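A structural walkthrough
The chain contents come next:
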Amino acid sequence: MAYRIFGINFGTIFDSLPWLAYFARNVPGLGEDVKRMREMGIGKAALRNKQGSKTKDLFYYLSNDDLPEEKKANPAIVIAEGILATVAGSDTTSNALTVALYFLLKNQDAYRRLQAEVDKFYPQGEDPLDSKHYKDMEFLEAVINETLRMYPAVMSGSQRSVMRGQGGKLIGQYYIPEDTQVRIPTYTLHRDPRNFSPYPDTFWPDRWLIAEGRQESKEEIVHQVNAFIPFSFGPANCVGKNLAWTQLRMVLVALLHKFEIKPVKGWDADEWERLITEQYITMRTSLPVILERR
Ligand code: HEM
C-alpha cells in the first residue's frame with residue numbers, strides 16, 4: 001500500500017527527526033491537513049473560551065477553570081493540548097473499534113459469544129449506554145484486550161530518550177548512552193511467543209479468560225500481562241485510558257444490542273487485514289459492513 005503523507009503520519013518522521021519540522025513547515029503544500037486541523041483547533045478553542053465551561057469536561061481542566069482567574073492557562077497551551085487530546089483520543093479509539101469489529105466478523109464464534117453476553121446483560125428494552133454492567137462483561141473485556149494486543153493503536157510505541165547531560169542509563173542489560181532515542185515496539189512485544197502463546201498471531205480472546213482462571217484449558221498458556229502495554233507505560237502513559245475503555249465498551253455493546261452486523265458479500269477479510277499499516281498510529285481501510293436492525 002502506498003505510504004501517503006497526509007497528517008498524523010508526519011509524526012513518524014518528525015518523531016525521529018524533530019528538526020525537520022522547522023523546514024517542513026515552510027514548504028508550500030506540505031502538511032496542509034495539519035494546518036487545517038490546527039486552525040480548526042484554534043477556532044474551537046476560541047469559541048469554547050467565549051462560551052465558558054458549562055460542564056467539568058477535559059477543556060475545563062485544561063483551561064484551569066477550576067483555579068482562580070490569575071491562574072488561567074495560557075491559551076496557546078490550551079489549544080495545543082486540545083489538539084493533542086482530539087487526535088490522541090479519536091484515531092486510537094476508532095481504530096480499536098474497527099479492528100475489534102473486523103475480528104468479530106471474521107470469527108463468528110466470538111461474535112455469537114459476545115452477542116449472547118450483550119443480550120444477557122442488556123436484553124431488548126434495556127439501555128445499552130448505561131454502563132452499569134460493563135465491568136461484569138468478561139467476554140467483552142477479553143475481546144477488547146485481545147484486539148489491543150493484536151493491533152495496538154500505536155504499534156511502534158512512543159519513544160523515550162536519555163536526556164543530554166544525564167549520563168547513560170542501564171535498562172536491564174542494555175546500556176543507553178545519553179541523547180539517544182529508544183522505543184519498545186508494542187506490536188512486536190505483544191506477539192512475542194515468550195509473552196503470549198499459544199497462537200501469538202491469532203485473535204484468541206479465550207487466553208484472557210484462561211489466564212484469569214475464568215475458563216478451563218487443556219493447553220498450557222504463556223500470558224505475560226506485564227508485556228501488554230497498548231496504553232504505554234510509566235508516568236507519560238495514556239491519560240485517556242479509562243475514557244477509552246468506557247467508549248470501547250459502550251460502542252460495542254450498543255452496536256450489538258441494536259444491530260446484526262454482517263460483512264458485505266465478497267469481502268476479503270485477509271486482504272483487509274493485510275492492508276493495515278503502521279503510520280505513526282495504526283491505519284486501516286474502512287470496514288464494509290451491513291447493519292440490520294435487530
Ligand atoms: C484505544 C484507545 C487508546 C489507546 C490504545 C491509546 C494509547 C495511547 C498511547 C500508546 C499513548 C502514548 C503514551 C506514551 O508516550 O507513553 C497515548 C497518549 C495519550 N493519550 Fe491515549 N490512547 C487511547 C485513547 C485515548 C483517549 C480516549 C484519550 C482522551 C482524550 C487519550 C488521550 C491521550 C493523551 C492526551 C496522550 C498524551 C499523554 C502525554 O503525552 O502525557 N487517549 N495514548
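Residues numbered from 1 in each chain as written. Predicted model: local features only at pLDDT ≥ 70, side-chain atom pairs only at ≥ 80, totals over all residues. Heavy atoms only, no water.

Before going further, it helps to spend a moment on the coordination of the iron atom of the ligand. The protein gives the iron atom of the ligand a lone donor atom, Cys238 (SG), placed 2.3 Å from the metal. Summarising the element assignment, Cys238 is placed in the loop between β6 (222-223) and α10 (241-258). (Donors = N, O, S within 2.8 Å, 3.2 Å for Na, K, Ca; no water. Helix = DSSP H or I, 4+ residues; strand = E, 2+ residues; numbered from the N terminus.)

Another aspect to go through is the site of the ligand. The environment of the ligand is made up of 20 residues, and the closest members are Ser158, Arg160, Ser232, Ala236 and Cys238. Separating an oxygen atom of the ligand from a side-chain N or O atom of Ser158 is a distance of 2.5 Å. Between an oxygen atom of the ligand and a main-chain N or O atom of Ala236, the distance comes to 3.1 Å. Broken down by element, the shell around the ligand gets its largest block of residues, five residues, from helix α5 (residues 75-106). For the shell around the ligand, the per-class residue count stands at eleven nonpolar, eight polar and one charged. (Near = heavy atom within 4 Å. Polar contact = N/O pair within 3.5 Å; in protein donor to acceptor, adjacent residues only side chain to side chain. Nonpolar A, V, L, I, M, F, W, Y, C, P; charged D, E, K, R; others polar.)

So, about the pattern of salt bridges. Considering all chains together, one arrives at 18 salt bridges under this definition. Asp65 is paired through a salt bridge with Lys72; the nearest N and O atoms lie 2.8 Å apart. Judged by its relative accessible area of 24%, Asp65 is partly exposed. For Lys72, a relative accessible area of 36% puts it in the partly exposed group. Between Glu141 and Arg249 there is a salt bridge, with the nearest N and O atoms lying 3.5 Å from each other. Remark: Arg249 occurs in helix α10 and Glu141 occurs in helix α7 (residues 138-150); sequence separation between them is 108 residues. Of the two residues examined, Glu141 and Arg249, each falls in the buried class. Taken together, the shared-partner salt bridges in this structure form one network comprising Lys106, Asp270 and Glu273. (Salt bridge = Lys/Arg side-chain N within 4 Å of Asp/Glu carboxyl O. Buried < 20%, exposed > 50% of the residue type's maximum accessible area, 1.4 Å probe, protein only.)

Turning to the layout of surface pockets, a few remarks are in order. Here the second largest pocket is characterised by a volume of approximately 190 Å³. The wall of the second largest pocket is formed by Asn145, Leu148, Phe228, Ile229, Pro230, Phe231, Ser232, Phe233, Asn237, Lys241 and Trp245. Sorting the residues of the lining of the second largest pocket by element identifies α7 and α10 as the ones contributing at least two each. Class assignment of the residues belonging to the lining of the second largest pocket gives a composition of seven nonpolar, three polar and one charged. (1 Å grid on protein atoms, 1.4 Å probe; cavity = no way out; pocket = protein on both sides within 12 Å on 5 of 7 lines; lining within 4 Å. Points joined across faces, edges and corners; volume = space filled by probe spheres on them.)

On to the environment of Ser232. Tracing the sequence through the fold places Ser232 in the loop between β6 and α10. Along the chain, Ser232 and Ile184 lie 48 residues apart, while their C-alpha atoms are 9.6 Å from each other. Leave out the neighbours within four places in its chain, and Ser232 touches Ser158, Arg160 and Asn237. (Contact = heavy atoms within 4.5 Å.)

Next up on the list: helix α6 (residues 108-121). Over its 14 residues, α6 extends 20 Å from the first C-alpha to the last, a length consistent with the 20 Å expected when each residue adds 1.5 Å. Those residues of α6 that sit buried are Ala110, Tyr111, Leu114, Gln115, Glu117, Val118 and Phe121. Taken around the axis of α6, the buried residues stretch over an arc of 165 degrees, which confines them to a single face. Away from its buried face by more than 90 degrees, α6 exposes Asp109 and Lys120. Turning to α6, the residues buried within the fold contact α5, α7, α10 and β7 (259-263). (Expected span 1.5 Å × (residues − 1). Arc of directions from axis to C-beta.)

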